[in-house]
Amino acid sequence: METKSKARLALIGCGGIGSYHLGHFLGFTDIIDMVGFCDLIPERAQAFSEKAGCGAVYTDYKKMLDETNPDMVFVCIPPYCHGEVEYELIKRKIHFFVEKPLSLDIEQAKDILLKSEAAGIVTASGFQCRYSNLVEPNIEYIKANKIFFVSCERMGGIPMVEWWRNKELSGGQAVEQTIHQFDIIRYVFGEPDTVFSMNTTGLIDNPPEGYKTDDLSVTCVKFKNGAVGTISTGCYVEGGDAYDSKVVFSSSKSRAELKILGTLKIFGETAVKKDAEDKGEGGFVVKGDGGIGAGSGNSTVYKQVGDAGILCDLTFIEAAIKGDPTLVRSPYRDALRSLAFTLACNQSMESGLPVRIDDLLKGI
Ligand SMILES: NC(=O)c1ccc[n+]([C@@H]2O[C@H](COP(=O)([O-])OP(=O)(O)OC[C@H]3O[C@@H](n4cnc5c(N)ncnc54)[C@H](O)[C@@H]3O)[C@@H](O)[C@H]2O)c1
């Protein structure tokens, strides 16, 4: 009987998000062998290997690449650590999945893009929200309605990882975290033309040690299709009802409110899906791969079904196995545009002037 060989997968950066990916890999063992785990902190790589029940442990990623010869690598290192690792993977023609944000240096990211494309490898980035079942009805709504205004808010607390609190290391909240919202707005709605951002800091009482980032930033966006929007993001929230995270696409008679990986609510009579039906149990009815509930107040509610993160990782792995980059919803080239969108906000905060996104994308 013919035995099909499995793809060899390694991971660099055994921290928070690495652990999320590892959890997914455990379900893919019919198609992958986890051959190596690398972290500068050896106990972290060791813990991953123990959880996987396989995989050699390293603190030096070059040694891991030499000894384990992977077909693909997940790069799960903090924003300020990018560059060297990607260049090494490109040199060896190894497919890679790299966590967002790709880099804090747009010129470095552009160089990595061009070199990875020249090497013909498959790349992907960690924008798992693109794989949500909420994306399709959101795009459908946007196609059927003229959108005037996009408003986005992401208000949360200060994450525990130390580097996050230093904007020089993390890029700040827009670049490091709210980039998911910037990215999904691009994916379902369209490309931004210009941003004008303002930030504030010093308002948080007793911030944790090493805190050197914005408490809040607010960005005005002019889109290429003529709409305007605002994207606000803050880390001043201490709990309770102050948490908020949503993107609202508004037309003249209705609006769609997306809570990424949560719900998509479409408000307005004309926006209500004709085939939505109330089946009792709170008006919730599952159809296809999504949940649709028709409430009494002229709204249609879609609920997140399944795990977009699993789909995101599996899609990259299958694309790398087949050598088919077109399967990936967020290849390096596209993720770079979301990076530019957020880095343009930082440039605007620093200069006090509007910034055109295309100015950051010159040369690619
Ligand atoms: N897609 C998502 O939803 C999502 C969620 C959380 C974090 N992230 C992203 O993932 C990245 C990492 O975040 P995290 O929270 O896991 O950080 P973390 O600090 O928990 O883990 C990063 C790990 O990388 C290791 N590391 C750094 N440089 C290395 C190198 N050269 N070789 C080997 N190991 C190295 C560190 O020792 C650390 O253990 C960030 O860019 C973050 O934005 C994405």
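Rules and cut-offs
- Residues numbered from 1 in each chain as written.
- Predicted model: local features only at pLDDT ≥ 70, side-chain atom pairs only at ≥ 80, totals over all residues.
- Heavy atoms only, no water.
- Helix = DSSP H or I, 4+ residues; strand = E, 2+ residues; numbered from the N terminus.
- Buried < 20%, exposed > 50% of the residue type's maximum accessible area, 1.4 Å probe, protein only.
- Contact = heavy atoms within 4.5 Å.
- Areas by Shrake-Rupley, 256 points an atom, 1.4 Å probe, with all protein chains shown as cover.
- Lys, Arg positive; Asp, Glu negative; His and termini not counted.
- Charge placed at Lys NZ, Arg CZ, Asp CG, Glu CD.
- Axes fitted to C-alpha atoms, helices over the stretch in contact; angles between N-to-C directions.
- Parallel < 35°, antiparallel > 145°, perpendicular 65-115°, else oblique.
- Nonpolar A, V, L, I, M, F, W, Y, C, P; charged D, E, K, R; others polar.
- Polar contact = N/O pair within 3.5 Å; in protein donor to acceptor, adjacent residues only side chain to side chain.
- 1 Å grid on protein atoms, 1.4 Å probe; cavity = no way out; pocket = protein on both sides within 12 Å on 5 of 7 lines; lining within 4 Å.
- Points joined across faces, edges and corners; volume = space filled by probe spheres on them.
- Pairing = 2+ DSSP bridges.
- Near = heavy atom within 4 Å.
- Sits in = over half its atoms within 2 Å of the grid points.
- Patch = residues over 30% accessible without salt bridge, like charges linked within 9 Å, V, L, I, M, F, W, Y side chains within 5 Å.
- Salt bridge = Lys/Arg side-chain N within 4 Å of Asp/Glu carboxyl O.
- pLDDT = per-residue confidence, 0-100.
- Left-handed = near helix turned anticlockwise from the far one by under 90°.

(A) Spatial organisation of the overall build of the protein chain. Secondary structure summary: the protein chain contains twelve helices and 17 strands in total. Across its three principal axes, the protein chain shows a C-alpha extent of roughly 60 × 55 × 40 Å. Considering the protein chain as a whole, with its 364 residues, one finds that 53% of them fall into the buried category. Residue pairs in contact within the protein chain that sit at least 24 positions apart in sequence constitute 69% of those at least 6 positions apart. Here the protein chain displays about 16700 Å² of accessible surface, and carbon together with sulfur accounts for 51% of that area. Separation of charge centres in the protein chain, based on 39 positive and 49 negative side chains, amounts to 6 Å.

(B) Seen up close, the packing of helix 6 (residues 135-144) against helix 9 (residues 179-188). Running from N to C, helix 6 and helix 9 cross one another at 55°; their axes reach a closest spacing of 9 Å. Taken together, the axes of helix 6 and helix 9 are oblique relative to one another. Contacts from Val135, Asn138, Ile139 and Ile142 in helix 6 reach Ile184, Tyr187 and Val188 in helix 9. Counted by class, the contact of helix 6 with helix 9 contains six nonpolar, one polar and no charged residues.

(C) Here's a closer look at unusual backbone geometry. Of note, the bond from Lys100 into Pro101 is cis; its omega dihedral lies within 30 degrees of zero at -15°. Along the polypeptide, Pro101 turns up in the loop between strand 5 (95-98) and helix 5 (106-119). One non-glycine residue, Asn206, lies in the positive phi region at around 50°. Relative to the elements of secondary structure, Asn206 occurs in the loop between strand 8 (192-200) and strand 9 (216-223). Residues other than glycine seldom take positive phi values, yet Leu261 does so here, at roughly 60°. Tracing the backbone through its elements, the reader meets Leu261 in the loop between strand 12 (255-259) and strand 13 (263-267).

(D) Looking closely at the side chain of Ser103. One can find Ser103 in the loop between strand 5 and helix 5. For Ser103, a relative accessible area of 1% translates into the label buried. Within the structure, Ser103 has its side chain in polar contact with the backbone nitrogen of Asp105 (distance 3.0 Å). Setting aside chain neighbours within four positions, we find Ser103 in contact with Pro79, His82, Gln108, Ala109 and Leu339.

(E) Molecular detail of helix 4 (residues 84-91). All of the buried residues along helix 4 are Val85, Glu86, Glu88, Leu89 and Ile90. On the buried face of helix 4, the contacting elements are strand 1 (7-12), helix 3 (61-68), strand 4 (72-75), strand 5 and helix 5. Of the residues trailing helix 4, Lys93 is marked for its positive phi of about 55°.

(F) Geometry of the layout of surface pockets. Looking at the largest pocket, its volume works out to about 1000 Å³. What lines the largest pocket is a set of 37 residues, among which Ile17, Cys76, Ile77, Pro78 and Trp163 lie closest to the centre. Listing elements by their share of the lining of the largest pocket, those giving two or more residues are helix 1 (16-25) and helix 4.

(G) A look at the sheet that holds strand 6 (residues 123-125). Reading across the sheet, the six strands line up as 3-2-1-4-5-6 and stay open at both edges, with parallel pairing between neighbours. Looking at the sheet topology across the chains shown, the edges are occupied by strand 3 (56-58) and strand 6. Strand-to-strand twist across the sheet, computed as the mean angle between neighbouring axes with direction ignored, equals 20°. With respect to the sheet, helix 10 (residues 308-322) is in contact with strand 1, strand 2 (32-38), strand 4, strand 5 and strand 6, its orientation differing from that of strand 4 by roughly 150°.

(H) Spatial organisation of the pairing of strand 12. Pairing between strand 11 (residues 244-250) and strand 12: four bridges, direction antiparallel. Each bridged residue has a counterpart across the sheet, and for Phe249 the counterpart in strand 12 is Ala256. Where strand 11 folds back on strand 12, the antiparallel hairpin that results is connected by four residues. Counting the residues between successive antiparallel strands, the hairpin from strand 12 to strand 13 contains three residues, one of them, Leu261, with a positive phi of roughly 60°.

(I) Spotlight on the site of the ligand. Residues in close proximity to the ligand total 23 residues, the closest being Ile17, Asp39, Arg44, Gln128 and Glu176. The contact in question runs from a nitrogen atom of the ligand to an N or O atom on the backbone of Gly126, over 3.0 Å. A total of 850 Å² of accessible area belongs to the ligand in isolation, and the protein chains cover 85% of it. According to the grid-proximity analysis, the pocket containing the ligand is the largest pocket. A class-by-class count of the residues in the shell around the ligand yields twelve nonpolar, six polar and five charged.

(J) A look at a nonpolar patch on the surface. A cluster of nonpolar side chains, namely Phe148, Phe149 and Val228, defines an oily patch on the protein surface of about 260 Å² accessible area. Mapped onto the secondary structure, Phe149 falls in strand 7 (residues 149-155).

(K) Spotlight on the confidence of the model for the protein chain. Looking at the protein chain, the pLDDT average stands at 93 and 91% of residues meet or exceed 70. Every residue in residues 278-290 is under pLDDT 50, and counting partners more than four places away or in other chains gives 25 contacts.

(L) Structural context of the packing of helix 1 against helix 2 (residues 42-52). The contact between helix 1 and helix 2 brings their axes to 11 Å, and the two run at 15°. Our classification of the angle between helix 1 and helix 2 gives roughly parallel. Pair helix 1 / helix 2 crosses with right-handed handedness. Along the contact surface, helix 1 presents Gly18, Ser19 and Leu22, while helix 2 presents Phe48, Lys51 and Ala52. For the contact of helix 1 with helix 2, the per-class residue count stands at three nonpolar, two polar and one charged.

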